[in-house]
Amino acid sequence: MIDIVAQLNAVQRRVGARTIDAGEVNTVAISQIYDAEPADVWEACTTKERIPRWFLPVSGELRLGGRFSLEGNASGTIERCDPPHSFSATWEFGGQLSWIEVRVTAESDGRTRFELEHLVPTDGHWEQFGPGAVGVGWEGGLMGLATHLASGEAVDPAEGAAWAASASGRQFMAESSERWGAASIAGGTAPEVAQVRADRTTAFYTGATSPS
């Protein structure tokens, strides 16, 4: 049984903006501290053997300059890698280009912080859904990583899909969407705009509509 309240509370969320070579982008950052060594967390999020155990099957070359593809999801190119601390990559999905940066940091108490920052251009999709469009999905990923690191076992994809469709799964995604709306407000978005976007995101993830 997944304690969804504990998992939601374990995650930190931050929304902002920054300028990169491609121009100004929105930043959607999510992090969680795990009871695991940095080397274990790094291996879990950078190797073909471990990534499918908590996220999705991956193919391609997981090296600097290599192309990767996540089954049923995004593909991209690894643009920077500083093992065992950080890497960055393009994130290409549905004809849209964005970027991810992953950081693995040792905490003073022996635990490890995993942080992922998704850099998203302001386009029609962002204007409609805001940060929750990517944030809710990554939140599910961090939950899978927590389960995997705690047990050492692989997350069963069929069980995960069934849970996501359950009342508990829909509640988790709705609450996650609301929290991303709050993070957006804290990042400077007008409350009424952030709430409308959060409502659309919640409707999508709970099956009421689909993004366009």
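Use the structure listed above.
Draft legend 1. Main features of the side chain of S88. Here S88 shows up in strand β6 (residues 86-93). Its relative accessible area of 9% is what places S88 among the buried residues. S88 has contacts with T77, I78, E79, R80, I100 and E101, leaving out every residue within four places of it along the chain.

Draft legend 2. Structural view of the nonpolar core. Membership of the largest hydrophobic core comes to 42 residues, with the highest contact counts inside it found for Y34 and F114. Sort the elements by how many residues they give to this core and helix α5 (residues 132-151) lands first, with 8 residues. Ignoring any residue separated from it by four or fewer positions in sequence, one finds F114 in contact with I30, S31, Q32, Y34, V41, C45, V102, R103, V104, L142 and L145.

Draft legend 3. Representation of α5 within the structure. If you check α5, its first and last C-alpha atoms are 28 Å apart, about what 20 residues at 1.5 Å a residue would give, namely 28 Å. For α5, the tally of buried residues reaches 15 of 20 residues, placing the bulk of the element in the interior. Taken from the residues just after α5, G152 is the one with a positive phi, measuring 80°.

Draft legend 4. Quick peek at empty space enclosed by the protein. Taken as a whole, this structure holds 1 cavity of 30 Å³ or more when the rule is applied. Taken as a whole, the largest cavity encloses approximately 60 Å³ of empty space. Taken together, the elements giving at least two residues each to the lining of the largest cavity come down to α7 (167-186) and α8 (191-205). Residues that form the lining of the largest cavity fall into these classes: 5 nonpolar, 6 polar and 1 charged.

Draft legend 5. Representation of the pairing of strand β2 (residues 23-34) in the model. Counting buried positions over the 12 residues of β2 gives 9, a clear majority of the element. As defined by bridge partners, strand β1 (residues 12-20) adjoins β2 across 9 bridges and the pair is classed as antiparallel. Within β2, the position partnered with T19 by the bridge is E24. The hairpin formed by β1 and β2 contains 2 residues between the paired strands. Pairing of β2 with strand β8 (residues 112-120), which is carried by 9 bridges, proceeds in the antiparallel orientation. Note that in β8 the partner of A29 across the bridge is E117.

What counts and how
- Residues numbered from 1 in each chain as written.
- Predicted model: local features only at pLDDT ≥ 70, side-chain atom pairs only at ≥ 80, totals over all residues.
- Heavy atoms only, no water.
- Helix = DSSP H or I, 4+ residues; strand = E, 2+ residues; numbered from the N terminus.
- Buried < 20%, exposed > 50% of the residue type's maximum accessible area, 1.4 Å probe, protein only.
- Contact = heavy atoms within 4.5 Å.
- Core = buried A, V, L, I, M, F, W, Y, C linked by side-chain atoms within 4.5 Å.
- Expected span 1.5 Å × (residues − 1).
- 1 Å grid on protein atoms, 1.4 Å probe; cavity = no way out; pocket = protein on both sides within 12 Å on 5 of 7 lines; lining within 4 Å.
- Points joined across faces, edges and corners; volume = space filled by probe spheres on them.
- Nonpolar A, V, L, I, M, F, W, Y, C, P; charged D, E, K, R; others polar.
- Pairing = 2+ DSSP bridges.

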